[in-house]
Amino acid sequence: MLQILNEKSELVGERPDMTDEQLLDMYKGMVLIRNLDRKFANLNLQGRMASYYKMEGQDAQFAAGMALDTQKDWLVPAYRDMGIWHAKGLSLDTICRFWLGAQDYRWDTANTRVCPTTATIGTQMPHGTGIGYTCKIENRGEVCLTVCGDGATSTPDFAAALNFAGVWKTNTIILVQNNLWAEETPFSQQTATESLSDRAKGYGLNAIEVDGMDPFAVYAAVREARQHALDGNGATLIEMKTYRYSPHMVSAFDPRPQEEQDYWLDRDPLPRFEIFLRNEGLLDD
């Protein structure tokens, strides 16, 4: 499993080629999205937002958006990807309008190259593969990142997307945020494989298993997958092993053992990254 910044905020791999300013932008983006995530959850509990799906714990996804070319590359997201949306260029105004259910939420796909999200699990995956195929056959020098959770890997659309991507070597990055639970179904009841990245091999895809609580590792994996595609080698499945610090929906029943939750709380990506920045002299009180 790829890890660059460990649980003790120590570099155990090569630091990504990022400027100090980019590191601070990544940290600020993660903090911003976590606070917005908590605000939206409160609005939902107050009845002022009809529905919301928390993503706290999966904050390192912001790094995946930063690893793309924000002007050229495409993003086909799921609904729990607010950090990637914003890192890729979707405005906070649009994000807020979208979750509040405004009729005019101003989702500008043409300029941001962020496709509208879908609530139907897994249906975005073939679209992401199709866009990646177009990027390849037209020699655009672009890739498409498409995102799903571990639950979506049990859908026919996921299998179809991987099969197409493998056969036609599309310019697609398939990012699976594996938080171990599909609503209230544990990982052990979703698949017989030990790792979701193992599935990529059967479809002829490149695969990277990554510490999803490590923003450096997430960034490096997406950058590597992007270059792999642009070099003509086809699609990559990245399994981002992460955890969600809340049930599936804000007020839903939470079946997860407390011991499991405590284990992952000790691996929170925000304090892990903050301590590193402090040690580097880039952050103070």
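Please refer to the structure placed before this passage.
As the structure is a prediction and not an experimental result, all values here were calculated from the model.

Caption draft 1: Here's a closer look at the packing of helix α1 (residues 20-45) against helix α4 (residues 92-100). For the pair α1 and α4, the least separation of the axes is 12 Å and the interaxial angle reads 20 degrees. Overall, the two elements α1 and α4 adopt an arrangement that is roughly parallel. At the point where α1 passes α4, the crossing takes the right-handed sense. Seen from α1, the contacting residues are L32, L36 and F40; seen from α4, they are L92, I95, C96 and W99. Classifying every residue of the contact of α1 with α4 gives 7 nonpolar, no polar and no charged.

Caption draft 2: How the structure looks around the environment of Q46. Structurally, the position occupied by Q46 is in the loop between α1 and α2 (61-66). Note on Q46: relative accessible area 48%, which makes it partly exposed. Of the polar contacts made by the side chain of Q46, one reaches the side chain of R48; its length is 2.8 Å.

Caption draft 3: Highlighting the side chain of R34. For R34, the location among the structural elements is in helix α1. With residues up to four places along the chain from it excluded, the contact list for R34 reads E56, G57, D59, Y245, D268, P269 and L270.

Caption draft 4: Region of interest: the packing of helix α6 (residues 124-137) against helix α7 (residues 156-168). Where α6 meets α7, the closest approach of the two axes is 8 Å, and the angle between their N-to-C directions is 15 degrees. Classified by the interaxial angle, the pair formed by α6 and α7 is roughly parallel. By crossing handedness, the relation of α6 to α7 is classed as left-handed. Counting all contacts with α6, which are made through M125, P126, T129, Y133 and K136, the residues of α7 involved are D157, F158, A161, F164, A165 and W168. Split into classes, the residues belonging to the contact of α6 with α7 amount to 8 nonpolar, 1 polar and 2 charged.

Caption draft 5: Molecular detail of the packing of aromatic side chains. A full pass over the atoms with the stated rule returns 20 aromatic pairs. Residues Y52 and W99 carry aromatic rings whose centres are separated by 4.9 Å and whose planes lie at 80 degrees to one another, so their mutual orientation is edge-to-face. Of this pair, Y52 sits in the loop between α1 and α2 while W99 sits in helix α4, and the two are 47 residues apart along the sequence. In terms of burial, Y52 and W99 fall into one category: buried. One aromatic cluster is present, formed by F40, Y52, Y53, Y79, W85, F98, W99, Y105 and W107 through successive ring pairs. Here the basic side chain of R267 rests over the ring of Y263, its NZ or CZ set 3.6 Å away from the ring centre.

Caption draft 6: Region of interest: α6. In this model α6 runs 20 Å from its N-terminal to its C-terminal C-alpha over 14 residues, within 8% of the 20 Å that 1.5 Å per residue would give. Along α6, the residues classified as buried are Q124, M125, G128, T129, G132 and C135. Projected onto a plane normal to the axis of α6, the buried residues spread over an arc of 140 degrees and lie on a single side. For α6, exposure combined with an orientation more than 90 degrees from the buried face picks out H127 and I137. The inward-facing, buried residues of α6 abut β1 (74-76), β2 (144-149), α7 and β3 (172-178). Phi turns positive one or two residues past the end of α6, at N139, with a value near 50 degrees.

Reading guide: rules and limits
Residues numbered from 1 in each chain as written. Predicted model: local features only at pLDDT ≥ 70, side-chain atom pairs only at ≥ 80, totals over all residues. Heavy atoms only, no water. Axes fitted to C-alpha atoms, helices over the stretch in contact; angles between N-to-C directions. Helix = DSSP H or I, 4+ residues; strand = E, 2+ residues; numbered from the N terminus. Parallel < 35°, antiparallel > 145°, perpendicular 65-115°, else oblique. Left-handed = near helix turned anticlockwise from the far one by under 90°. Contact = heavy atoms within 4.5 Å. Nonpolar A, V, L, I, M, F, W, Y, C, P; charged D, E, K, R; others polar. Buried < 20%, exposed > 50% of the residue type's maximum accessible area, 1.4 Å probe, protein only. Polar contact = N/O pair within 3.5 Å; in protein donor to acceptor, adjacent residues only side chain to side chain. Phe/Tyr/Trp six-rings, centres within 6.5 Å; stacked < 30°, edge-to-face > 60°. Lys NZ or Arg CZ within 6 Å of the ring centre and 35° of its normal. Expected span 1.5 Å × (residues − 1). Arc of directions from axis to C-beta.

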